[in-house]
Amino acid sequence: MLINIGNFILFAIDKHLAIKNRERIPESTLILLSALGGAFGGLCSMYIFRHKTKHAKFYILLPLFLILHIIVAILMIF
């Protein structure tokens, strides 16, 4: 849960930095945190803040990571 909140906040900060034309959070960091469990927070932030929604690696990878996380969670239950 915390990684999702953290990733959500990082996407929001990156959007703010993009608007201000300042140094940004690397895309690799956002994708890595999404892969490590923060895909739901990243997806929510993408659509709430309209950030990174046109980048294929984000709109393809984040849903795939989320599906993978759901599958792993289900398998851990059984």
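In what follows, the structure referred to is the one given above.
I will try to describe carefully the structure that is included in this document. (Residues numbered from 1 in each chain as written. Predicted model: local features only at pLDDT ≥ 70, side-chain atom pairs only at ≥ 80, totals over all residues. Heavy atoms only, no water.)

**Looking at the nonpolar core**
Thought 1: Residues Phe 11, Leu 17, Ile 25, Leu 30, Ile 31, Ala 39, Leu 43, Met 46, Phe 58, Leu 62 and Phe 65 constitute the largest nonpolar core, which totals 11 residues.
Thought 2: For this core, the secondary-structure elements that each account for two or more residues are α1 (2-19), α2 (27-49) and α3 (56-77).
Thought 3: Among the elements that make up this core, the one with the highest residue count is α2 (5 residues).
Thought 4: If we skip the residues at most four places from it in the chain, Leu 17 touches Arg 22, Glu 23, Arg 24 and Ile 25. (Core = buried A, V, L, I, M, F, W, Y, C linked by side-chain atoms within 4.5 Å. Buried < 20%, exposed > 50% of the residue type's maximum accessible area, 1.4 Å probe, protein only. Helix = DSSP H or I, 4+ residues; strand = E, 2+ residues; numbered from the N terminus. Contact = heavy atoms within 4.5 Å.)

**A short note on α2**
Thought 1: The first and last C-alpha atoms of α2 sit only 16 Å apart over 23 residues, clearly below the 33 Å expected at 1.5 Å per residue.
Thought 2: At Gly 38, α2 shows its strongest bend, of approximately 125 degrees.
Thought 3: When we look at burial in α2, the residues that qualify are Leu 30, Ile 31, Ser 34, Gly 38, Ala 39, Gly 41, Gly 42, Leu 43, Ser 45 and Met 46.
Thought 4: Contact partners of the buried residues in α2: α1 and α3.
Thought 5: Arg 50 lies just past α2 and shows a positive phi near 50 degrees. (Expected span 1.5 Å × (residues − 1). Bend = angle between axes of the 7 residues up to and from the residue.)

**Here's the deal with the packing of aromatic side chains**
Thought 1: Here the structure, examined in full by the defined rule, presents 2 aromatic pairs.
Thought 2: Pairing Phe 8 with Phe 49 gives two aromatic rings, centres 5.5 Å apart and planes at 55 degrees, and the pair type is tilted. Pair noted here: Phe 8 is in helix α1 and Phe 49 is in helix α2, with a separation of 41 residues, a long-range link.
Thought 3: Classification of Phe 8 as partly exposed rests on a relative accessible area of 26%.
Thought 4: Using a relative accessible area of 30% as the deciding quantity, one classes Phe 49 as partly exposed.
Thought 5: The interplanar angle of 90 degrees and the centroid separation of 5.9 Å between the aromatic rings of Phe 11 and Phe 58 together place this pair among those described as edge-to-face. Taken together, the positions of Phe 11 in helix α1 and Phe 58 in helix α3 put the pair 47 residues apart, joining distant regions of the chain. Taken individually, Phe 11 and Phe 58 each receive the classification buried, so the pair is uniform in this respect. (Phe/Tyr/Trp six-rings, centres within 6.5 Å; stacked < 30°, edge-to-face > 60°.)

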